[in-house]
Amino acid sequence: MSRLPGPPAYPAGLRLEGRRVVVVGAGTVAQRRLPALLDAGADVLVVAPEATPAVEGMATGGELRWVRRAYAPGDLDGAWYALAATDVAEVNEVVAADAEALRVFCVRCDDASHASAWTPASGRYDGLTVAVLAGGDPRRAAGVRDRIVEGLHDGSLAARGERPAGALPGVALVGGGPGDPDLITVRGRRLLAEADVVIADRLGPRALLGELPPHVEVIDAAKIPYGRAMAQEAINDAMIEHAKAGRFVVRLKGGDNYVFGRGFEEALACAEAGVPCQVVPGITSAISVPAIAGIPVTHRGVAHEFAVVSGHVAPDDPRSLVDWAALARLRGTLVLLMAVERLGPITSALVAHGRAGTTPVAVIQEGTMATQRVLRTSLASAAEDVVAAGIRPPAIVVIGDVVALAG
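In every chain, residue numbers begin from 1 and rise along the written sequence. For this predicted model, a pLDDT threshold of at least 70 governs which residues receive local features, and a threshold of 80 or more governs which side-chain atom pairs are given and counted, while totals over whole chains, interfaces and linings are taken from all residues. For the side-chain quantities, the full set of heavy atoms in the structure was used; hydrogens and water were omitted.

Asker: Quick question: what am I supposed to make of the overall build of the protein chain here?
Answerer: The helix and strand inventory of the protein chain stands at 12 helices and 17 strands. Throughout, radius of gyration means the C-alpha value; the globule benchmark is 2.2 Å times the number of residues raised to the power 0.38. Computed over its C-alpha atoms, the radius of gyration of the protein chain comes to 31 Å, more than 25% above the 22 Å expected for a compact globule of 407 residues. Its C-alpha atoms give the protein chain principal-axis dimensions of roughly 95 × 50 × 40 Å. For the protein chain, the proportion of its 407 residues judged to be buried stands at 43%. By the counting scheme adopted, Arg and Lys are positive, Glu and Asp are negative, and His together with the chain ends is not counted. Every charge is mapped onto a representative atom, which is NZ of Lys, CZ of Arg, CG of Asp or CD of Glu. Taken as two groups, the 39 positive and 45 negative side-chain charges of the protein chain have centres that lie 2 Å from each other. Helix and strand assignments come from DSSP, with helices taken as H or I runs of at least 4 residues and strands as E runs of at least 2, each series counted from the N terminus. Each residue is placed in one exposure class: buried if its accessible area under a 1.4 Å probe, protein chains only, is under 20% of its type's maximum, exposed if it is over 50%, and partly exposed if it falls in between.

Asker: What is the right way to read the pattern of salt bridges from this model?
Answerer: Any two side chains of opposite charge can pair, on the condition that their charged atoms come close. For this analysis, a salt bridge means a side-chain nitrogen from Lys or Arg found within 4 Å of a carboxyl oxygen belonging to Asp or Glu. In the structure shown here, the tally under the stated rule is 13 salt bridges. Its salt-bridge partner being Arg65, residue Asp43 comes within 3.5 Å of it at the nearest N-O pair. Of this pair, Asp43 sits in strand β2 (residues 43-47) while Arg65 sits in strand β3 (residues 65-67), and the two are 22 residues apart along the sequence. On the basis of relative accessible area, Arg65 is assigned to the partly exposed category, the value being 38%. As a salt-bridge pair, Arg342 and Glu341 come within 3.8 Å of each other at their nearest N and O atoms.

Asker: Would you mind going over the sheet that holds strand β15 (residues 360-365) with me for this structure?
Answerer: Note: strands within a sheet are paired through backbone hydrogen bonds, in either parallel or antiparallel orientation. Taken in spatial order, the 5 strands of this open sheet run β13-β14-β17-β15-β16, and their pairing is mixed. The two strands at the open ends of the sheet, each matched to only one other strand, are β13 (306-310) and β16 (373-378). Here the strands of the sheet are splayed against their neighbours by 20° on average, with no regard to which way each runs. We call two strands paired when DSSP finds no fewer than two bridges between them. As defined by bridge partners, β15 adjoins β16 across 6 bridges and the pair is classed as antiparallel. Within the sheet, the bridge partner assigned to Pro360 lies in β16 and is Ser378. Throughout, a residue-residue contact means that at least one pair of heavy atoms, one from each residue, lies within 4.5 Å. To get an axis, fit a line to the C-alpha atoms, keeping to the stretch in contact for a helix; angles then go from 0 to 180 degrees between the N-to-C directions. Relative to the sheet, helix α8 (residues 285-292) contacts β13, β14 (333-337), β15 and β17 (395-399), its axis offset from that of β17 by approximately 80°.

Asker: In this structure, what is going on with the layout of surface pockets? I would like to understand it.
Answerer: Over the atoms, a rolling probe the size of a water molecule traces out where space has been left empty. Approximately 1700 Å³ is the volume attributed to the second largest pocket. In this structure, the second largest pocket is lined by 48 residues; those nearest its centre are Tyr81, Trp118, Thr119, Pro120 and Leu133. Taken together, the elements giving at least two residues each to the lining of the second largest pocket come down to α1 (28-39), β4 (81-84), β5 (105-108), β6 (121-125), β7 (128-132) and α4 (138-154). Looking at which element gives the most residues to the lining of the second largest pocket, the answer is α1, with 7 residues. Classification convention: Asp, Glu, Lys, Arg as charged; Ala, Val, Leu, Ile, Met, Phe, Trp, Tyr, Cys, Pro as nonpolar; all other residues, Gly among them, as polar. Across the lining of the second largest pocket, the residue classes tally to 29 nonpolar, 8 polar and 11 charged. A pocket, in this scheme, is an open set of points on a 1 Å grid over the protein atoms alone with protein on both sides within 12 Å along at least 5 of 7 lines, while a cavity is a set where a 1.4 Å probe fits but cannot get out; residues line either one if an atom lies within 4 Å of a point. Grid points are joined across faces, edges and corners, and a volume is the space filled by probe spheres set on the points.

Structure below.
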């Protein structure tokens, strides 16, 4: 690992708007450095006998001034900052010496050890500028810069700003995906990193909770008090109470919050309470879990349709809203969520209404997780085989010929 001798550089942010910056050289090196100077609003003067088409385009477009000749004494007059970016070391040396005499900080793109300033590897995200110096090792600086910016984008690094006085941060309803923490959306992870309070379901990506800083209050939604019928109302109350107290609340759910997740109930509760609410969709387990297990829910020539069905109540339950007879007539794929405990009545209803008992079935427990299990069976045998195998929730049931494609 290379490192320039001497003490480390002192980092500073230069405010170059309206201030002259002289760039000597107009080749590919200068071409890479110019956009950041222009973005900073600098009054850029380029001195070079020739230029790349990109630099020439900046000049003809009025973004900078280009003097088409070799560097000459006096070119740095009035400059606040200079870059020696030619491919001739002797020219760069003269530029650096003139800059030193004028007390103008100068970057030597060919020899950092003889420069009075270094250009950091920089990147931007949401009003932040990340600049990394690595003691003369530009590759290392760029690598660290890339990891930081990537972390800011995907939320693995928190970048919380000051909230305006009186602002109500509100609630984010975040679908956390099927369980594997890598399958949460970038936006969902970013908001999670900004949360003051996280109200989490049992099926959310639990591993991400361990990454939260100590000040974040994590509320297990499964342990919120009140009876079972009151649980959703209590969750709504908790979201609204914390949001009105000025905290940013993330309601973290498994899968997608609008697919059997009561997410819209929570959005309505926020709207009625006057609490700002944003929805971040998640990857639903209905599609992702079969996919990870090698089962497509559709496939050309096999299934042109798929239906996602809640199995939380049995077919003969008066609360059921499902037309099981119509589902049995479908030729495509059925994906059942929350159906393991009522699989017997469900499979019996499908067979009774005409679906073949030999239809392939896959039951996937804890899909996308390291503990994932896949049971392959048939519609007629599924309920018995699930009990015999000890399959327990959470599990996805896939019914249809697509199951046979994978094995």
